[in-house]
Amino acid sequence: MTWSILARDEAGRFGAAIASRFFAVGALTVHARRGVGVLSTQALMNPLYGPQGLELLAAGRTPEQVIAMLTGADAGRDQRQLHILPAEGRAAAWSGNACIDWCGHRVEADFSVAGNMLAGPRVLEATAEAFLETRGRPLPERLLAALAAGEAAGGDKRGKQAAALRIQAEEDYPQLDLRVDDHPEPVQELQRLYRTSLERAQPFLACLAGRHDPVGVIDRAEIEARIERFQRERGGAT
């Protein structure tokens, strides 16, 4: 009932975009941790895979080992779909043999796509192609373009309801975390939210306290100046 893409860029950021005919799909499916990786648990999802999978990755397990350990201990493994992209290295994926057609996954050097209950294999193919064709653009925009291409190819065969985008960078909190929980056009709405985040939210979030600056920017004039500079560098686009 879902398809998603996990990806990593040249700067080391990684993230996920996901869409489904399922309410609030971004709430329990996508999990990420700085310096560790990102994963998505899908189909008849097991939300325990998120924290457990990241702990195993952080302990040095490979994505393939993590999948084997999680599914091996799960009596519902045949109903699960899971893909994992580490902070470094190749992704891995699992699609249980009881997942509803069309179901499958594709793993590449710096991204993976997986989906179930889809209109057909073209959904994942189009998602992957769009991601590859947008190389050079910011990671969130590549993920959104990939999601839109998958939807145009048929998406979830039951229809549309929710979508989400998450980007993890060098902080312990997400660099960007956008969700559309219930909407007739969730992917379009997610794109709108992303454009809106560029107006003030993204440059403001860059001023917050972080690992290398435990206070952050607290001078409001300086915050406004950084927001204005961000807009100038983008050519004033929103």
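Coordinates for the structure precede this section.
Here is a short report on the structure shown in this document. (Residues numbered from 1 in each chain as written. Predicted model: local features only at pLDDT ≥ 70, side-chain atom pairs only at ≥ 80, totals over all residues. Heavy atoms only, no water.)

A cluster of nonpolar residues, Tyr173, Phe204, Leu205 and Leu208, forms a patch on the protein surface that exposes about 320 Å² of accessible area. The residue Tyr173 is located in the loop between strand 9 (162-168) and strand 10 (176-180) in this model. When its relative accessible area of 32% is taken as the criterion, Tyr173 is described as partly exposed. (Patch = residues over 30% accessible without salt bridge, like charges linked within 9 Å, V, L, I, M, F, W, Y side chains within 5 Å. Areas by Shrake-Rupley, 256 points an atom, 1.4 Å probe, with all protein chains shown as cover. Salt bridge = Lys/Arg side-chain N within 4 Å of Asp/Glu carboxyl O. Helix = DSSP H or I, 4+ residues; strand = E, 2+ residues; numbered from the N terminus. Buried < 20%, exposed > 50% of the residue type's maximum accessible area, 1.4 Å probe, protein only.)

Moving on to the packing of aromatic side chains. Using the criterion set out here, one finds one aromatic pair in the structure. Here the guanidinium or amino end of Arg142 rests over the ring plane of Phe131, the centre of that ring lying 3.8 Å away. (Phe/Tyr/Trp six-rings, centres within 6.5 Å; stacked < 30°, edge-to-face > 60°. Lys NZ or Arg CZ within 6 Å of the ring centre and 35° of its normal.)

The N-to-C vectors of helix 4 (residues 139-152) and helix 5 (residues 186-205) enclose an angle of 165°; their axes lie 10 Å apart at closest approach. As the angle between them shows, helix 4 and helix 5 are arranged roughly antiparallel. Remark: the crossing between helix 4 and helix 5 carries left-handed chirality. Along the contact surface, helix 4 presents Pro140, Glu141, Leu144, Leu147, Ala148 and Glu151, while helix 5 presents Val187, Leu190, Gln191 and Tyr194. Per-class residue counts for the contact of helix 4 with helix 5 are seven nonpolar, one polar and two charged. (Axes fitted to C-alpha atoms, helices over the stretch in contact; angles between N-to-C directions. Parallel < 35°, antiparallel > 145°, perpendicular 65-115°, else oblique. Left-handed = near helix turned anticlockwise from the far one by under 90°. Contact = heavy atoms within 4.5 Å. Nonpolar A, V, L, I, M, F, W, Y, C, P; charged D, E, K, R; others polar.)

Below, the discussion takes up the sheet that holds strand 6 (residues 92-95). The strand order 3-4-5-6 describes an open sheet built from four strands, whose pairing is antiparallel. At either end of the open sheet lies a strand with only one pairing partner, and these are strand 3 (30-33) and strand 6. The mean inter-strand angle of the sheet, taken between neighbouring strand axes irrespective of direction, is 10°. (Pairing = 2+ DSSP bridges.)

This part covers the sheet that holds strand 10. The sheet built from six strands is open, its strands ordered 7-8-1-2-9-10 with antiparallel pairing. For this open sheet the edge positions go to strand 7 (104-107) and strand 10, each flanked by a neighbour on one side alone. When the angles between neighbouring strand axes are averaged without regard to direction, this sheet yields 5°. Two elements, strand 1 (residues 2-8) and strand 8 (residues 111-116), share six bridges in a ladder whose sense is antiparallel. Within strand 8, the position partnered with Leu6 by the bridge is Ser112. Of the strands in this sheet, strand 1, strand 7 and strand 8 are in contact with helix 3 (residues 122-133), which crosses strand 8 at around 155°. Contacting strand 1, strand 2 (14-20), strand 9 and strand 10, helix 4 crosses the sheet at an angle of about 25° to strand 2.

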